[in-house]
Amino acid sequence: MDVLIETLPLRAALVGNPNCGKTSLFNLLTGSRQKVANYAGVTVERKEGRFTTPGGRPFRLLDLPGAYSLAATSPDEAVTRDVCAGRYKGEPAPELLICVLDATNLRLHLRFALEVCRLGRPTIIVLNMLDAARKEGLEIDLPRLSAELGAPVVGVVAIRKSGASDLLKLLDNPPLHAPVIQADAHEEVHATVRRLLTECTSRPAVASEALEDRLDRWILHPVWGLMILLALMFVMFQAVFSWAQPVMDAVDAGVSGFGEMIRQFLPDGLIRSLLVDGIIAGAGTVVVFLPQILILFLWILILEESGYLPRAAFLLDRIMASAGLSGRSFIPLLSSFACAVPGIMATRTIQNPRDRLVTILLAPLMTCSARLPVYALLIAAFIPRRSIGGMVNQQGLVLFALYMVAILSALGVAWVMKRGGAQEEHPLLMELPAYRWPSLRNVALGLWQRAVIFLSRVGSIIVTLSVLLWALSSFPAPPAGATGPAIDYSLAGWIGHIMLPVFAPLGFTWQICVALIPGLAAREVAVSALATVYAVGGVDTDAASQLIPILSRQWSLATGLSLMAWYVYAPQCFSTLAVIRRETGGWKVVFQTAGYLFGLAYLASFLTWRFALAMGWGPS
Amino acid sequence: MIQSLIIGFLVLVCALYWLGRLAPSVTQKLWKSTGALLRTVHAPSALQTAVAGRANAGPRGGCGGCKGCDSKGGGCH
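About the thresholds
Residues numbered from 1 in each chain as written. Chains lettered and ligands numbered in written order. Predicted model: local features only at pLDDT ≥ 70, side-chain atom pairs only at ≥ 80, totals over all residues. Heavy atoms only, no water. Axes fitted to C-alpha atoms, helices over the stretch in contact; angles between N-to-C directions. Helix = DSSP H or I, 4+ residues; strand = E, 2+ residues; numbered from the N terminus. Parallel < 35°, antiparallel > 145°, perpendicular 65-115°, else oblique. Left-handed = near helix turned anticlockwise from the far one by under 90°. Contact = heavy atoms within 4.5 Å. Nonpolar A, V, L, I, M, F, W, Y, C, P; charged D, E, K, R; others polar. Pairing = 2+ DSSP bridges.

K.L.:
Sorry if this is basic, but what is going on with the packing of helix α10 (residues 224-242) of chain A against helix α19 (residues 394-419) of chain A here?
P.N.:
What describes two packed helices is the angle between their axes and the distance between those same axes. All names here are of chain A. Between α10 and α19, the shortest axis-to-axis distance is 8 Å and the interhelical angle comes to 130°. Put simply, α10 runs oblique to α19. Between α10 and α19 lies a crossing whose hand is right-handed. Seen from α10, the contacting residues are L230, M233, F234, F237, Q238, V240 and F241; seen from α19, they are Q395, G396, L397, L399, F400, Y403, M404 and I407. Looking at the contact of α10 with α19, its residues break down into 12 nonpolar, 3 polar and no charged.

K.L.:
Can you help me understand the sheet that holds strand β7 (residues 153-155) of chain A in this one?
P.N.:
Two strands in a sheet stick together by hydrogen bonds in their backbones, pointing the same way (parallel) or opposite ways (antiparallel). All names here are of chain A. Strand order in the open sheet made by the 6 strands is β2-β3-β1-β4-β5-β7, with mixed pairing throughout. Looking at the sheet topology across the chains shown, the edges are occupied by β2 (47-52) and β7. Between one strand axis and the next, the sheet turns by 25° as a mean value, whatever way the strands run. When strand β5 (residues 123-128) meets β7, the two strands line up parallel, connected through 3 bridges. Bridging from a neighbouring strand, I125 pairs with V153 of β7. Packed onto the sheet, helix α2 (residues 22-30) meets β1 (10-16), β2, β3 (58-63), β4 (96-102) and β5 and runs at close to 40° relative to β2.

K.L.:
In this structure, what is going on with the environment of V251(A)? I would like to understand it.
P.N.:
All names here are of chain A. Its place among the elements puts V251 in helix α11 (residues 245-265). Through-space distance from the C-alpha of V251 to that of T285 is 9.7 Å; in sequence the pair is 34 residues apart. Here V251 is in contact with V287, V288 and P291, once residues within four sequence places are set aside.

K.L.:
Is there a simple way to think about the packing of helix α26 (residues 574-584) of chain A against helix α27 (residues 588-614) of chain A in this case?
P.N.:
Residues and elements named next belong to chain A. Interhelical geometry of α26 versus α27 gives an angle of 140° and a closest axis separation of 8 Å. One element, α26, and the other, α27, form an angle in the oblique class. When the axes of α26 and α27 are compared, the crossing they make is right-handed. Contacts between α26 and α27 pair L577, I580, R581 and T584 from the former with V589, V590, T593 and A594 from the latter. Grouping the constituent residues of the contact of α26 with α27 by class yields 5 nonpolar, 2 polar and 1 charged.

These figures come from the coordinates and say nothing about function on their own.
Put into structure tokens, the structure is as follows:
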């Protein structure tokens with residue numbers, strides 16, 4: 001019987017305050033690669049992994065969202081509370097709780113640990129970031145703390161490969177009984193924490209906090225702090241265009257060379273057309289933008305790792321409050337710059353239901369990475385590559401402006417949406433993490449994951465849509481004696497011409513209309529769709545590398561600007577709509593979101609087109 | 001002729017992929033019917049198992065970038 005029990009995986013759950021390193025520990029133990037960052041609220045739902053201890057005991061480990069208390073105030077904290085209490089649907093109560101504490105912030109984290117210990121379940125206390133605590137001069141008497149809490153206490157450094165060896169040893173023979181806290185039953189929690197800190201820790205008087213404080217004096221300054229934030233964003237977008245070009249040129253040459261090789265290798269026919277005009281023209285055009293996406297994420301990851309982002313949230317709280325949003329909306333909206341799907345899920349950290357709904361409605365307005373290829377293509381086609389004053393890259397400046405327009409529009413929309421509701425005050429309570437040098441491993445891993453995500457989207461969504469669009473653009477074949485391009489007689493041409501009356505007031509061509517439909521699946525597909533349409537329909541079939549000159553030749557600047565304006569607001573992809581439905585539990589908000597974004601996109605494009613015509617930038 | 005057949009097959013696969021993403025309930029019915037047909041014609045068991053796996057698969061979620069969130073109906077974290 002004992003053998004049977006030891007071979008069944010023990011159900012353990014990682015709990016703790018936000019940003020204490022639960023997910024880092026989860027990744028270390030299970031070998032997973034879940035997202036970690038140096039700010040609170042990254043994990044918003046339970047995640048599961050498995051591992052076996054050196055002694056051969058199997059574990060099923062849950063990583064739960066961070067919580068400041070088991071009296072939950074937001075949907076993500078409710079998940080933690082319910083799992084710990086054994087009330088989470090479809091999830092039996094964990095047999096072991098592993099309570100993770102940030103050793104550098106015991107005053108806050110011990111409160112939660114005491115709550116967990118009082119749940120009456122076997123518990124292990126894990127002090128993470130023990131190295132950082134020692135660097136600060138903090139000495140923690142682990143055996144004494146263990147005796148006081150009545151539970152085993154171990155120290156770990158979750159970001160180091162061998163940082164959890166003591167914990168793994170302990171997990172070979174985990175505790176089977178609930179902790180017995182050595183405290184007077186009437187002792188108040190804060191008093192217990194104070195007593196534990198006095199009895200179990202010692203910190204020599206040091207003045208090493210001065211550097212962090214000095215940095216914060218500048219970074220959190222209402223004026224200088226905002227200037228630093230704007231400067232960082234500005235440099236980030238400059239880098240996207242300035243640094244990426246050589247690598248993009250190399251990828252572009254590779255894609256063109258591959259297309260040329262296929263063209264020479266295969267005889268003229270349907271398969272060659274599908275490969276060259278459909279798949280290589282479609283997917284190849286999008287792959288070229290990978291270096292720009294990676295540079296953008298390099299900046300975001302460095303800012304994330306360093307602990308700067310929560311400070312940016314703190315800085316923007318006043319601006320966001322003026323639009324009726326709370327600072328808690330910042331992290332979900334920031335996540336939406338990568339993709340609106342995790343951004344919308346991250347709104348679970350927002351306690352106020354109305355704030356959460358408004359943040360969900362705003363998330364698709366943030367410029368997700370899928371828009372970057374569209375912007376990069378249009379900017380490269382219509383904005384000359386030159387520098388202003390010998391320093392500022394004009395293309396980077398336009399990209400910066402497009403991101404800023406989206407942010408300002410989101411603030412405007414939030415202001416309008418919040419006007420109808422009661423104005424409640426929601427003070428921002430946010431834990432500012434310590435500054436850290438970005439870990440090269442984490443940054444490299446983050447970039448690798450981004451590249452894999454991007455390339456898998458190319459390999460699945462974009463390739464399949466390119467094949468379908470190629471088929472729609474090639475069939476039916478033109479009748480005998482037809483003189484126009486074959487695509488004019490195809491289904492895609494027919495659909496484009498049917499849509500044209502609706503989009504002609506925006507200056508769009510029928511080719512753009514064709515690209516708008518697959519662009520709903522994923523925005524970057526609009527780029528591959530344009531490449532396929534022009535490759536199938538054009539005389540020069542090398543659209544994979546020639547799309548930029550084709551667009552700048554065939555479209556006016558007014559059309560290019562109008563399409564950029566469309567994509568600032570363009571209705572979001574199907575995945576985003578699906579996640580909105582799941583998070584709000586109905587279709588109402590889905591229709592509201594799609595409706596208002598479509599309206600805004602149409603209006604912005606129309607105004608941009610009319611303005612550009614008035615400026616003389618229209619078709620000659 | 002062979003070229004047309006290959007192209008037709010590829011287009012069908014891509015169309016099924018997108019049908020599965022946009023209307024999973026429709027594709028599930030389709031896979032179930034195909035599974036029943038394969039059993040009737042005594043198709044190779046490996047093929048039957050593969051189709052049965054598709055028929056019983058839950059809806060895919062997330063942005064399509066990876067499979068890390070499929071079981072949770074979407075979201076990277």
